[in-house]
Amino acid sequence: GFEPASRIATVGVSKILQIGARAAAMKRDGLPVIILGAGEPDFDTPDNVKAAAKAAIDRGDTKYTALDGTPDLKAAVVAKFRRENNVDYATDEVTVATGAKQILFNAFMATLNAGDEVIIPTPYWTSYSDIVEICGGVSKLIACPAESGFRLQAEQLEAAITPKTRWVLLNSPSNPSGAAYSAADYQPLIDVLLRHPHVWLMVDDMYEHIVYDGFEFVTPVAIEPRLKSRTLTVNGVSKAYAMTGWRIGYAGGPKALIKAMAVIQSQATSCPSSISQAAAVEALNGPQDFLKERQQSFKARRDLVVARLNAISGIDCRTPEGAFYTFAGCEGLIGKTTPAGKTIATDADFTDYLLETVHVAVVPGSAFGLSPYFRISYATSEAELKEALDRIAAACEKLS
Ligand code: PLP
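Computed from a prediction, not measured in an experiment: that's the story for all the values here. Think of each chain on its own: its residues are numbered from 1, step by step along the sequence as written. Side-chain atom pairs in this predicted model are given and counted only at pLDDT of 80 or more, local residue features only at pLDDT of at least 70, and totals for whole chains, interfaces and linings cover all residues.

Caption draft 1: Structural view of the sheet that holds strand E8 (residues 249-252). We treat two strands as partners when DSSP finds at least two bridges between them. A helix here means a DSSP run of H or I that spans at least four residues, while a strand means a run of E at least two residues long, and both kinds are numbered starting from the N terminus. Pairing within the open sheet is mixed, and its seven strands lie in the order E2-E8-E7-E6-E5-E3-E4. Two strands lie at the open edges of the sheet, namely strand E2 (94-97) and strand E4 (138-143), each paired on one side alone. In this sheet, adjacent strand axes meet at a mean angle of 20° when their direction is disregarded. Taken together, the three bridges between strand E3 (residues 117-122) and strand E5 (residues 165-171) define a ladder with parallel strand orientation. Here the axes come from fitting lines to C-alpha atoms, over the contacting stretch only for helices, and the angles between their N-to-C directions go from 0 to 180 degrees.

If you want it as structure tokens, here you go:
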């Protein structure tokens, strides 16, 4: 029989993908399923970006490129960090990969020895801990519930650091909580890190362009340049430019780390797609005004979802600063009974109940390491969101 390698023994197919597959199968069977599980914008890739890709094909940019990014894309990344983040990275301090996911993979593969610890606040994007474990590391999960704004606190960080800590991984705005760290939120964590020079900081800024109510996005290296020699600043074009399928992520970090990451990439993919890199150059260098419009549209949906969720007895939803997710608490529903006589004992019981009875697919907090919560992705039309929330409210009313 088939025996997988031990390095993937504890890693399963993502719960999010499982729910998505089940919901899609129900839809194929003719059920009116609404899927609020997807982690991608419902907008299209901008036309100027598509045109740049077509031009790249026509001029023959269809061969292997430089290992970790074309000179043009690296220049665009350097310019982006300077323009938007006020951080100066040199060309040999940036890297490009097949999605931010591969950036994380390259970085952990290149730095983790067996047993090295990575501190990850929960709720977290599920891939973080799975990638860490595949790379032989140990994820140290720290619970950061709604009461602390879903943000890691300095005392928690201090207590979690051991001689084996290699990285702390922060994500702002966060998938799944939508919570973001302001400069004031980051400062106490930075102070802790300055006292522990062996700990490196990885920040995932993927959702930086999706923030609301005047929230000022900031990346840690811009606040504290002394951290630059041990920080990897991760970003990508997937979410901001609605380019999830193009698979381009990038990062800035110290030269030695960037070089080590390129070693991994050289034996994994050789280089990111040449055509996608040309498209990403245009995304980063081209007009940026549409980002504000899309923010407005996301904000209207966020406000709708948060208000409708908080109107449901037993559900408590914090207003997120960014991204396109809400992570609502459902503690008030735990212990209740469904009309079919089943007890809602966990958040997964609740999300199963929603999918089975009102055909709305959302993801339980357990998939993100923190319960009892559930995540809604509101990157879908307002009409669909309204219908979904009507159904969720009706389903909750039937619990006793
Ligand atoms: N980081 C976060 C927080 C995400 O939510 C995602 C995608 O869901 C990624 C990174 C991965 O992005 P990419 O498409 O660049 O691999």
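Now that the structure has been shown, the text picks up again.
Caption draft 2: Representation of the sheet that holds strand E9 (residues 325-329) in the model. Across the sheet, three strands lie side by side as E9-E12-E11; this open sheet has antiparallel pairing. Looking at which strands have only one partner, the edges of the open sheet turn out to be E9 and strand E11 (363-364). Where E11 lies against strand E12 (residues 373-377), two bridges are found, and the strand directions are antiparallel. When the bridges of E12 are listed, Val363 appears paired with Arg375.

Caption draft 3: Seen up close, the UniProt feature "domain: Aminotransferase class I/classII large" (unreviewed entry) in the protein. UniProt positions are given in the numbering used here, feature names are shortened, and annotations may be inferred rather than shown by experiment. UniProt's entry tags residues 33-392 with the feature "domain: Aminotransferase class I/classII large" (unreviewed entry), counted in the numbering of this structure. Between the C-alpha atoms that bound residues 33-392 there is a distance of 12 Å. The span itself is 39% helix and 15% strand.

Caption draft 4: Molecular detail of helix H10 (residues 274-285). The first and last C-alpha atoms of H10 sit 17 Å apart over twelve residues, in line with the 16 Å expected at 1.5 Å per residue. Summarising burial for H10: ten of the twelve residues are buried, a large majority. All of the buried residues along H10 are Ser274, Ser276, Gln277, Ala278, Ala279, Ala280, Val281, Glu282, Ala283 and Leu284. How far a helix is expected to stretch is found by multiplying one less than its residue total by 1.5 Å. In this scheme every C-beta is placed from the backbone, and a residue whose C-beta has 20 or more other C-beta atoms within 10 Å is buried, one with 12 or fewer is exposed, and one in between is partly exposed.

Caption draft 5: Just the packing of helix H12 (residues 347-358) against helix H13 (residues 382-397), in detail. Remark: H12 packs on H13, axes separated minimally by 10 Å, with the N-to-C direction vectors making an angle of 110°. Regarding the angle of H12 to H13, the classification is roughly perpendicular. Facing H12, whose interface residues are Tyr353, Leu354, Thr357 and Val358, H13 presents Arg391, Ile392, Ala394 and Ala395. Gly is put with the polar residues, along with every residue not named as nonpolar or charged; the nonpolar set is Ala, Val, Leu, Ile, Met, Phe, Trp, Tyr, Cys and Pro, and the charged set is Asp, Glu, Lys and Arg. Here the residues of the contact of H12 with H13 are counted per class, giving six nonpolar, one polar and one charged. Oblique is the label for every angle not falling under 35 degrees (roughly parallel), over 145 degrees (roughly antiparallel), or within 65 to 115 degrees (roughly perpendicular). Here the contact rule is simple: place C-beta atoms from the backbone, and any two residues whose C-beta atoms are within 7 Å are in contact.

Caption draft 6: Focus on the environment of Leu389. Take Leu389: it is sitting in helix H13. For Leu389, a count of 22 C-beta atoms within 10 Å puts it in the buried group. In the structure, Leu389 is positioned 360 residues away from Asp29 in sequence and 22 Å away in space, judged by C-alpha atoms. Every residue in contact with Leu389, bar those within four places of it in the chain, is listed here: Val305 and Arg308.

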